[in-house]
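# Structure at a glance
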Protein chains: 2
Amino acid sequence: MGAAGGRRAGLALALALAAAVVLAAWRRRRPRPVREVLFFPSPPSCTEALLAEAAEPGAAVRPCPCPLPRGDCSLSRLLRLLLSARRSLDICLFAFCSPQLGRAVQLLHRRGVRVRVVTDAQYMGLRGSQIGLLRHVGIQVRHDQEDGYMHHKFAIVDRKMLITGSLNWTTQAIQNNRENVLVVEDAEYVEPFLDEFEKIWEKYNPINYRYFSKDSK
Amino acid sequence: MGAAGGRRAGLALALALAAAVVLAAWRRRRPRPVREVLFFPSPPSCTEALLAEAAEPGAAVRPCPCPLPRGDCSLSRLLRLLLSARRSLDICLFAFCSPQLGRAVQLLHRRGVRVRVVTDAQYMGLRGSQIGLLRHVGIQVRHDQEDGYMHHKFAIVDRKMLITGSLNWTTQAIQNNRENVLVVEDAEYVEPFLDEFEKIWEKYNPINYRYFSKDSK
């Protein structure tokens with residue numbers, strides 16, 4: 001190889017090295033998409049510190065006197081994922097009775113996150129349901145008007161993280177049932193769920209309610 | 001660049017081209033992982049031709065006289081994904097009553113696929129449950145012995161394709177409910193579900209059953 005060829009080869013090597021450095025820096029800056037599986041039952045645990053810290057970040061948290069363990073578990077992980085919301089939280093849940101998850105959702109609403117909840121008409125009035133409390137603080141809730149169940153159990157955080165599975169957000173399901181939750185940050189899965197949410201949200205708009213029976217027409 | 005440099009550059013180019021051709025061929029041979037989302041309700045549809053063709057591939061299928069539509073729908077897609085099993089099908093289902101899905105599972109069992117079913121003890125005896133029929137043809141079924149529900153709704157095809165979501169395999173859920181099913185061929189999601197299945201399968205082994213109450217001890 002002549003001197004000119006050597007210089008060209010050196011230049012090509014330098015360019016390749018620079019490209020590798022830029023690529024590595026770009027990859028490091030872009031957080032890896034969240035990809036997780038959570039299984040339940042999750043043992044009873046104290047989530048007081050987690051929720052108090054989320055309510056007032058940086059404030060001194062008074063230690064909770066309860067005897068429950070404070071370690072990480074599927075419920076605390078689910079709470080952390082939800083509490084990572086900055087702009088929006090779209091929830092589509094057959095049954096929502098968990099006081100801890102209810103508190104997290106109220107907290108996000110207070111923080112200015114746009115929360116929307118879709119639920120099942122037949123289950124939202126059950127004892128312990130969080131739906132009334134969510135409505136009371138001003139969170140938008142819509143419910144089905146159909147014969148079948150609104151049986152979805154998913155949430156979408158900031159229109160990019162999908163949390164879905166078999167788990168209804170009830171203490172019974174969290175502490176006693178065998179359940180699974182997938183966490184997916186991948187547009188190929190998230191976008192169909194966003195479309196489904198928007199479709200259902202519009203379909204269950206109260207302006208479309210029919211308050212008369214077929215006979216009264 | 002001298003003659004030797006030119007020859008080396010030519011050789012490098014030829015090698016790079018050969019590598020690109022091999023890589024493209026390898027990518028073409030390796031099927032793209034299945035990544036799907038199915039939503040329900042799925043309209044009532046005739047799956048007779050699909051199931052008959054799967055039972056006897058290539059045989060002349062007698063046209064079904066029923067008036068139901070035969071087009072693709074979420075149920076037919078779910079059936080096709082299950083019927084793609086060649087070696088194993090591991091099912092973990094709270095409720096299993098759909099005759100069409102039951103027929104597909106029996107068909108796989110007859111074809112020599114190793115089928116294992118885990119279900120919920122309180123729901124497996126309900127009217128219309130497929131569990132008794134599956135056991136009758138020799139499919140291994142195990143059920144929980146716990147207070148909580150075995151509330152999972154997933155299946156794993158050939159230990160590599162995960163089918164999971166909110167959908168119980170019942171005609172009510174398929175035709176009337178709002179439900180979702182994710183289909184994932186990605187070891188990062190599939191392996192935790194395989195581990196969960198094996199753990200539950202062993203835990204619910206009948207040799208571990210306790211037929212006595214605490215008082216009779």
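In what follows, the accompanying structure is described. (Residues numbered from 1 in each chain as written. Chains lettered and ligands numbered in written order. Predicted model: local features only at pLDDT ≥ 70, side-chain atom pairs only at ≥ 80, totals over all residues. Heavy atoms only, no water.)

### Some words on the interface of chain A and chain B
What counts is decided by this rule: Residues count as neighbours in contact if any of their non-hydrogen atoms are within 4.5 Å of one another. Summed over both partners, the accessible area (1.4 Å probe) lost when two parts come together is defined as the buried area. Salt bridge, as used here, is a side-chain nitrogen of Lys or Arg placed within 4 Å of a carboxyl oxygen of Asp or Glu.
Contact with chain A, which involves 41 residues of that partner, is made by 41 residues of chain B. When chain A packs against chain B, the two sides together hide about 3,400 Å² of surface, and 54% of this comes from carbon and sulfur. When the buried area of chain A at its contact with chain B is split by residue, Arg35(A), Arg178(A) and Tyr189(A) rank highest and sum to 24% of it. Across the chain A-chain B interface, the total number found is eight salt bridges.

### As for the sheet that holds strand S1 (residues 35-40) of chain A
Across a sheet, paired strands are connected by hydrogen bonds in the backbone, their directions being either parallel or antiparallel. For the record, the criterion: Paired strands, in this sense, are two strands between which DSSP finds at least two bridges. Think of it this way: any DSSP run of H or I at least four residues long counts as a helix, any run of E at least two long counts as a strand, and we number them from the N terminus. Angles here are taken between N-to-C directions and fall from 0 to 180 degrees, while the axes themselves are lines fitted to C-alpha atoms, restricted in helices to the stretch in contact.
Taken in spatial order, the seven strands of this open sheet run S1-S7-S6-S5-S2-S3-S4 (chain A), and their pairing is mixed. Every interior strand has two partners, whereas the edge strands, S1 and strand S4 (140-143) of chain A, have only one. The average angle at which neighbouring strand axes cross in this sheet is 10 degrees, direction not considered. In this structure, strand S5 (residues 153-157) of chain A lies alongside strand S6 (residues 161-165) of chain A, joined through four bridges in antiparallel fashion. Looking across to S6(A), one finds that Val157(A) is bridged to Met161(A). Along the sheet, helix H7 (residues 187-203) of chain B makes contact with S1 and strand S7 (179-184) of chain A, crossing S1(A) at roughly 15 degrees.

### So, the relation of the copies chain A and chain B
Heads up, the condition is: Copies are brought into register by a least-squares superposition over C-alpha atoms of residues with pLDDT of at least 70 in both.
Take chain A, turn it by 180 degrees, move it 0.3 Å along the axis, and it overlays chain B with an RMSD of 0.4 Å. The superposition operator between the copies reduces to a two-fold rotation axis. A symmetric contact is evident, with 100% of the interface residues of chain A recurring at the interface of chain B.

### Topic: the packing of aromatic side chains
Here is the rule: When two rings of Phe, Tyr or Trp (its six-membered ring) have centres within 6.5 Å they constitute a pair, described as stacked for plane angles under 30 degrees, edge-to-face for angles over 60, and tilted for the intermediate range. Buried means the residue's accessible area, taken with a 1.4 Å probe over protein chains only, is under 20% of the maximum for its type, while exposed means over 50%, and partly exposed covers the values in between.
Applying the stated rule across the entire model yields 14 aromatic pairs over all chains. Judged by centre distance (5.2 Å) and plane angle (70 degrees), the rings of Phe39(A) and Phe193(B) are edge-to-face. Taken as a pair, Phe39(A) in strand S1 and Phe193(B) in helix H7 lie in two separate chains rather than in one. Residue Phe39(A) is classed as buried on the basis of its relative accessible area of 19%. Given a relative accessible area of 0%, Phe193(B) falls into the buried group. Measuring from centroid to centroid gives 5.1 Å for Phe94(A) and Tyr149(A), while their planes differ by 70 degrees, and the two rings are edge-to-face. Placement of Phe94(A) in the loop between strand S2 (88-93) and helix H4 (99-110) and of Tyr149(A) in the loop between S4 and S5 is noted, with a sequence separation of 55 residues between them.

### Structural notes on the state of the cysteines
Cysteine pairs can be linked by a disulfide, which is a covalent bond between their two sulfur atoms. All names here are of chain B. So the rule is basically this: Throughout, disulfides are identified as pairs of cysteine sulfur atoms within 2.5 Å of each other.
With the rule as written, the count across this model stands at zero disulfides over all chains. Between Cys 64, a cysteine without a disulfide, and Cys 66, which holds the nearest cysteine sulfur, the sulfur-to-sulfur distance is 3.6 Å. With no disulfide of its own, Cys 66 has Cys 46 as its nearest cysteine by sulfur position, at a separation of 3.6 Å.

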